[in-house]
Structures are given as structure tokens and as C-alpha cells.
Amino acid sequence: MENLISLVNKIQRACTALGDHGENSALPTLWDSLPAIAVVGGQSSGKSSVLESVVGKDFLPRGSGIVTRRPLVLQLHKIDEGSREYAEFLHLPRKRFTDFVAVRKEIQDETDRETGRTKQISTVPIHLSIYSPNVVNLTLIDLPGLTKVAVEGQPDSIVKDIEDMVRSYIEKPNCIILAISPANQDLATSDAIKISREVDPSGDRTIGVLTKIDLMDKGTDAVDILEGRAYRLKFPWIGVVNRSQQDINKNVDMIAARRRERDYFNSTPEYKHLAHRMGSEHLAKMLSKHLETVIKSKIPGIQSLINKTIAELEAELTRLGKPVAADAGGKLYSIMEICRSFDQIFKDHLDGVYVLHFRSLLGIYLLQNYLHAAFIFGFKLTLVICPIFYRRPGGDKIYNVFDNQLPAALKRLQFDKQLSMENIRKLITEADGYQPHLIAPEQGYRRLIESSLITIRGPAEAAVDAVHSLLKDLVHKAISETLDLKQYPGLRVEVGAAAVDSLERMRDESKRATLQLVDMECGYLTVDFFRKLPQDVDKGGNPTHSIFDRYNDSYLRRIGTTILSYVNMVCATLRHSIPKSIVYCQVREAKRSLLDHFFTDLGKMETKRLSSLLNEDPAIMERRSALAKRLELYRSAQAEIDAVAWSK
């Protein structure tokens, strides 16, 4: 059990060292989830004397007004009998204090270092560890005393500032409130009871301590309070008798003071029946035992929180990216790695690759840690695992251009206008010139076919442009999904511009190659198609017929039908060859060499230029640093909890 208090002590020290003081911030806080005992009381309530009685040493600053101006995390460690007592501060890790007068001075000096030599307060805690054979394992947080009036040198807001600080500690559900109230004042006016009642109305987290019982007016006693009749709490009230100011001035030994406290309760008739649960020694033992119990009950939840937060912090750090390298080689390597990451995401979109969703990675991490916690602490866990995969789309849209848009565009070509009776007659007559054709109007055929096929250039160009537009969209998607590019706006712009430039070069080459396919069909006709056609003589025609008979509607209509069949055959061929050309010149090249020109230019860049590409928003740099520190804290806490768990 003692290991549990020691565990929380270590985590608290790590929290302070790494900047987690529990105040409101944009970072997750571990401090707020740790069980702790906060000591609350008004000025002159005897709060400091209670703490010194528990420790058995004079070590706290004394004086008028607000003496405690920063939270003091007091960690008590019991050591072997006969060992020498000493104290250590977290901010002075290599220095041991055996003189407790020096401890008092260091508390004052460290307070001044944070707040200046004013009477301001600070939420940054001081960590003090005391090792002694005369203490129990216990951790207490001494908070500034509640006050009602600002004194000279203090801001008017000091009353509210102190109350807000105290409230920020005691309103947390894992905080045990040690409410110090003087017996020689009306309990209804107790600052500690008033504020603890506001945050813990049921009294489940509040332990009442009554001081100055020996200073009550003659004829009065505190029995009603100590027995819970005046104000009931879940835990019994504990009365203590502290040293008087005269005792303090005379440096009365703490051991003697404890002995005198025991004698007072044993010898006073009103309190004799309560003596077994009165006094600072009983208070320390009860607090130690209760704190251990609370810590044990909260550890599984704390470990769950730690594991979840580690996963969240790692995820955000991944999103923010790695810090920038200092040397030119490191910068060049970082840029190349980011570009490769972008290029791979671009390829995944083209190929329609399925990837594991980011949230699933987080879920797997949490699952591992929940199972670990279940194994260590023995609680049951029921899980339903549903891996989530998603596909990076893109390639399917390119196929849609080939399978739907291009065929539809080819079908929309109005060959009937090119092959109208008037146009056929006009072109054939013009092609014959002064010498009419003898058997078949070959030149007329060629002109009609070329004028029809040339219209296919439009759909071919449109297919090239459509694929180019889709590839540009995929570049923008890949840029938005490349987390590291979000980190460096300058590099993001350069990579995007370089990728689009490459796509435009590929589009131009693809357009040239694709239009060449159409031009090839125009430039050389498939002769076998026409050789297989029946001739006029075979159909019973008479070659001696008048030239004007050859231009009749029936003859021209048959020419139009023949040409339309040929054009449709060419369309069917180009429908398959155009996508091949586009894929070869654009899609395949984009996968193979999208950033090749950029890489060539990158190798020629000077260090200053490389640095400008990796310029980062200072807010992101600050956030990354803060997240890294907080992640270090949570990993340290995780390791400490695991060490305690396995030692069991």
C-alpha cells in the first residue's frame, strides 16, 4: 500500500517538473486526476501548526498576512528508525536539507523567485519531500489561507484570487479536503467549512480538523462538533492541540508537544472518551490510510486516462509532424521524405488502395492498453472489435472517363450532317473535278471520311483534359492528406505547383500522342474494308451509264452508308486506343515521375532556400514542444504505474 502513495508522489513531481500544474490550458492535465489531500483554512486557523505537528518539525514560514503564497506539495516518506531526517526540494534535486530552518528560508526564497518580493500569489506549486522515521507516508497540499480583506501591498483581487485557487483544487472529485477550523470561533463563520460545503455538499470528501480546542472560553467545549452533531461529515471530526505562540517562540520540541497533546485529551473530562481518535498523530495515520484507499480505488481509472491520453497526444504529434532538422542534409532529407509520403498517397488514390482508418489505429492502441490494465488489476473487460478501412478513391473516376464520358462523346458526334445527301454530292462532285470517277469516287470517299474522322479530335482532347483535371484533384487531395505538408505552408505550395507543372507537361504530351492516333486514322484508310465492299458491276450496274446517273440519290445514299460503317469502325478502334494513350502518357507517367523535376531542382537549392521551404508557424512549434513534454509526463506516469502493478 505504501507503494501507492509513493507512486502518486512521483507522478506529482513529474507533473510539476514538466509544467502540468492543473490549471486550465489547451493541454490534457494529469495533475487534476491524481488523488490528493488539500489543506484548507482561513488565516490564523492554525493550518500551518497542524502541518508542522503532522511532520514533527518547524519548517513553514510564519508571519502576519498571507504567508503561504504558492501551493506547497508536502510529501512525507517514512524511513528506518535511527536514520537521519532530511528534506529535498524538486527544484533543487541534488541538495539535501538537514537544517529545517534552512527549509523554511528556501520556501520563502522560492516563493519570491516566482512571485517577486510582493504579496502576489502563484498557482505553480513548490514540491517538498521530507524523509523521517517520525512520519507516515502521506502527501498533503498546503494552500494559501483564505482571507476576507486585502492588506497593504496586496491587489484588491487577492481575496477572490486565493478563493479561486483553493476552489480549483478542492472541486476536483479526486481531492480529499482537509478543512481546518478553529474551535474558538463560531463554526458557521469557518472559511474552510463554507468553501468545502460549496464543492462537497454531502461531506463525502471532507475531513474536518478542529484546532485551538485548548483556547476555548471557559465553560464551553467542542464535543458537539467532534461528535458530528453540530456539522456532520462522512468522516469523524478530529481535534488537535497545537503549540501556542509562546511554545513556538521558546522552540518547544515537537515530540514534547505531541506528548502534551495526548495528555490534554486523556486528562480533559469532556474529551476523554474521544481521546483515541484525537491528536495530530492520529490525524496523520488516518489521512495516510484513507489516501491509500482512495488511490487504490482510482488507479484503474487513472491508468485508463493515461493510456487514452498517450494515444491522443501521439496522434496529435503525428499530425503536427516532426521538428525541423538543423543542418542542410537533414532539411533535404526531411523534404524528400515528405515528398515521398505525398507521392505514395497520390499513387494510393490512383490505385484505389484500402487503408486502415486513423481512428482504428488509435483504437488498437487503446485496446492494447486496456487489456494490459485488465490483466494487471483484474477487472473484466468486454470488447467488440470492428476494424475500419476506407478506400482512397480516384482511379475509378479516370476509368469513368474511358468507360462513359468518351463513348458518350463519340456517340454525340453528328456524322449524319457530314454525310447528308447534299454534302456527299458536293464533296464527291468537287473531288471528281473535270474528270468524273470511272468506277468508285475514291477521292470523294477520302474527303468524306477525313471530314468525319477529324471531328473525333474533340472528344479525344476532352478525354485528355478530363483525366488531367482528375489528376490535379488527386494532387490536391494527396496534399491535404499529407500531414507533414500542413506543417510547412511554403513546401506545400512548392510541391503543389511542381506536381501541377508536371501534370501539364504530361497533358501536352498526351494530347499530342492522342491526336496523332486520330490523325493516323485520317492519314491512312484501312483498304481491306473497301475491297470487301460489292462493286457496281457485281450489283448489276452498268459502267456505261451516264455520269449523272452515278450521282442519283440511291447511289449517294449507299456511299453515305459505306462511309458511316467505316467511321463507326474507326470510332470503335479509337475508343480503346485513346484510353491506352492517355494512361501511358498521363496516368503512368504521373505515378512514375510526378516530382522528378522538383527533385532535380531540390538538389541544386542552397541551405537558405531549403530552410524557407521548411518555415513553420511558431504556434505549431510551441504546441509540438508542449505536447512532447506532456507526452513525456504521461509515459513516465504509465511506467511508474506498471512498475508498481508488476511489483505486486
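Remember, it's a predicted structure, so these values are computed and weren't measured experimentally.

**Some points on the overall build of the protein chain**
When helices and strands are counted, the protein chain shows 23 helices and 11 strands. Residues classed as buried in the protein chain amount to 49% of the 648 residues present. Excluding contacts between residues fewer than 6 apart, the proportion of contacts in the protein chain whose partners are at least 24 apart in sequence is 82%. With the model as given, the accessible surface of the protein chain reaches about 32600 Å², and the carbon-plus-sulfur share is 53%.

**Some thoughts on the packing of aromatic side chains**
Two measures describe an aromatic ring pair: the distance that separates the ring centres and the angle between the ring planes. Taken as a whole and assessed by the stated rule, the structure comprises 6 aromatic pairs. Plain terms: the ring middles of Tyr264 and Tyr271 are 6.2 Å apart, the flat faces sit at 35 degrees to each other, and that makes the pair tilted. Assessed through its relative accessible area of 23%, Tyr264 is described here as partly exposed. Taking relative accessible area as the criterion, Tyr271 reaches 3% and is therefore assigned buried. With 6.5 Å between their ring centres and 45 degrees between their planes, Phe598 and Phe599 make a pair best called tilted. In this structure Phe598 comes out as buried when scored by relative accessible area, which is 5%. Classification of Phe599 as partly exposed rests on a relative accessible area of 25%. An aromatic cluster is defined as three or more aromatic residues linked by ring pairs; in this entry it consists of Tyr264, Phe265 and Tyr271. A cation over a ring is seen here: Arg96 above Tyr86, with NZ or CZ 3.9 Å from the ring centre.

**Considering the nonpolar core**
One finds Ile335, Phe342, Phe346, Leu491, Leu595 and Phe598 to be the most contacted residues of the largest nonpolar core, which totals 64 residues. Where this core is concerned, the elements lending two or more residues are helix 10 (328-351), helix 12 (395-411), helix 15 (442-453), helix 16 (457-481), helix 18 (489-523), helix 20 (553-593), helix 21 (596-603) and helix 22 (607-613). For this core, the leading source of residues is helix 20, giving 13 residues. For Phe598, the residues in contact, after removing those within four places along its chain, are Ile335, Cys339, Leu491, Glu494, Val495 and Ala498. In terms of nonpolar packing, the next biggest core, distinct from the first, is built from 63 residues, Val55, Leu74, Leu138 and Ala637 among them.

**As for helix 8 (residues 254-267)**
Over its 14 residues, helix 8 extends 20 Å from the first C-alpha to the last, a length consistent with the 20 Å expected when each residue adds 1.5 Å. The elements touched by buried residues of helix 8 are helix 2 (47-55), strand 9 (238-239) and helix 9 (280-320).

**Structural notes on the pattern of salt bridges**
Pairing between side chains of opposite charge can happen when the charged atoms of each approach one another. Applying the stated criterion across every chain yields a total of 31 salt bridges. One salt bridge in this structure joins Lys47 and Asp142, with 2.7 Å as the shortest N-O distance. Of this pair, Lys47 sits in helix 2 while Asp142 is found in strand 6 (residues 138-142), placing the two residues 95 residues apart along the sequence. Residue classification places Lys47 among the buried residues on the basis of a relative accessible area of 6%.

**Structural notes on the sheet that holds strand 9**
Strand order in the open sheet formed by 9 strands is 4-3-5-2-6-1-7-8-9, with mixed pairing between adjacent strands. The sheet is open, and its two borders are formed by strand 4 (92-97) and strand 9, each paired with just one other strand. Sheet topology note: the strand 3 (residues 86-89)/strand 4 ladder contains 2 bridges and is antiparallel. Across the sheet, residue Ala87 finds its bridge partner in strand 4, namely Phe97.

**Examining unusual backbone geometry**
With a phi close to 55 degrees, Lys212 is a non-glycine residue in the positive phi region. Its location among the elements puts Lys212 in the loop between strand 8 (206-211) and helix 6 (223-226).

**Examining the pairing of strand 2 (residues 72-78)**
When you tally the buried positions in strand 2, you get 6 out of 7 residues, the bulk of the element. With 7 bridges joining them, strand 2 and strand 5 (residues 126-132) adopt parallel strand pairing. Bridging from a neighbouring strand, Leu74 pairs with Leu128 of strand 5. Two elements, strand 2 and strand 6, share 5 bridges in a ladder whose sense is antiparallel. The residue bridging Gln75 from the neighbouring strand is Thr139, located in strand 6.

**A short note on the side chain of Glu52**
With respect to the helices, strands and loops of the structure, Glu52 is situated in helix 2. Discounting chain neighbours no more than four positions away, the residues touching Glu52 are Lys57, Asp58, Phe59, Leu60, Arg62, Arg104, Arg243 and Met254.

**Concerning helix 5 (residues 191-199)**
The set of residues buried in helix 5 consists of Ala192, Ile193, Ile195, Ser196 and Val199. Where helix 5 is buried, its residues contact strand 1 (36-41), helix 4 (158-170), strand 7 (175-182) and strand 8.

**Considerations on the packing of helix 12 against helix 20**
Two quantities define a packed helix pair, namely the angle between the axes and the distance from one axis to the other. With their axes 11 Å apart at the nearest point, helix 12 and helix 20 run at an angle of 145 degrees to one another. The chirality of how helix 12 crosses helix 20 is right-handed. Of the residues in helix 20, those in contact with Ile398, Phe402, Asp403, Leu406, Pro407 and Leu410 of helix 12 are Cys571, Arg575, Ile578, Pro579, Ile582, Val583 and Val587. Classifying every residue of the contact of helix 12 with helix 20 gives 11 nonpolar, no polar and 2 charged.

**A few points about the environment of Gln516**
Residue placement: Gln516 occurs in helix 18. Under the relative-accessibility criterion, Gln516 is labelled partly exposed at 35%. Sequence spacing of Gln516 and Arg457 is 59 residues, and the spatial spacing of their C-alpha atoms is 9.3 Å.

**Examining the pairing of strand 5**
The buried fraction of strand 5 amounts to 7 of the 7 residues, a majority that puts the element mostly inside the structure. A two-sided burial pattern is seen for strand 5, the buried positions comprising Ile126, Leu128, Ile130 and Ser132 on one face and His127, Ser129 and Tyr131 on the other. The pairing of strand 3 with strand 5 spans 4 bridges and is classified as antiparallel. From the neighbouring strand, Glu88 faces strand 5, where its bridge partner is Ser129.

**Quick look at the environment of Asn251**
Here Asn251 lies in the loop between helix 7 (245-249) and helix 8. Each C-alpha atom of the pair Asn251 and Asp58 lies 8.8 Å from the other, and the pair is 193 residues apart in sequence.

**Describing the side chain of Ser280**
The residue Ser280 is located in helix 9 in this model. Within the structure, Ser280 has its side chain in polar contact with the side chain of Glu261 (distance 3.0 Å). Those residues in contact with Ser280, other than ones at most four positions away along the chain, are Ser53, Val54, Val240, Arg258 and Glu261.

**Describing the environment of Lys148**
Note that Lys148 resides in the loop between strand 6 and helix 4. Taking C-alpha positions, Lys148 is 6.0 Å from Val159, a pair spaced 11 residues apart along the chain. Discounting chain neighbours no more than four positions away, the residues touching Lys148 are Val159, Thr189 and Asp191. A distance of 2.6 Å separates polar atoms of two side chains, one belonging to Lys148 and the other to Asp191.

Rules used throughout
Residues numbered from 1 in each chain as written. Predicted model: local features only at pLDDT ≥ 70, side-chain atom pairs only at ≥ 80, totals over all residues. Heavy atoms only, no water. Helix = DSSP H or I, 4+ residues; strand = E, 2+ residues; numbered from the N terminus. Buried < 20%, exposed > 50% of the residue type's maximum accessible area, 1.4 Å probe, protein only. Contact = heavy atoms within 4.5 Å. Areas by Shrake-Rupley, 256 points an atom, 1.4 Å probe, with all protein chains shown as cover. Phe/Tyr/Trp six-rings, centres within 6.5 Å; stacked < 30°, edge-to-face > 60°. Lys NZ or Arg CZ within 6 Å of the ring centre and 35° of its normal. Core = buried A, V, L, I, M, F, W, Y, C linked by side-chain atoms within 4.5 Å. Expected span 1.5 Å × (residues − 1). Salt bridge = Lys/Arg side-chain N within 4 Å of Asp/Glu carboxyl O. Pairing = 2+ DSSP bridges. Axes fitted to C-alpha atoms, helices over the stretch in contact; angles between N-to-C directions. Left-handed = near helix turned anticlockwise from the far one by under 90°. Nonpolar A, V, L, I, M, F, W, Y, C, P; charged D, E, K, R; others polar. Polar contact = N/O pair within 3.5 Å; in protein donor to acceptor, adjacent residues only side chain to side chain.

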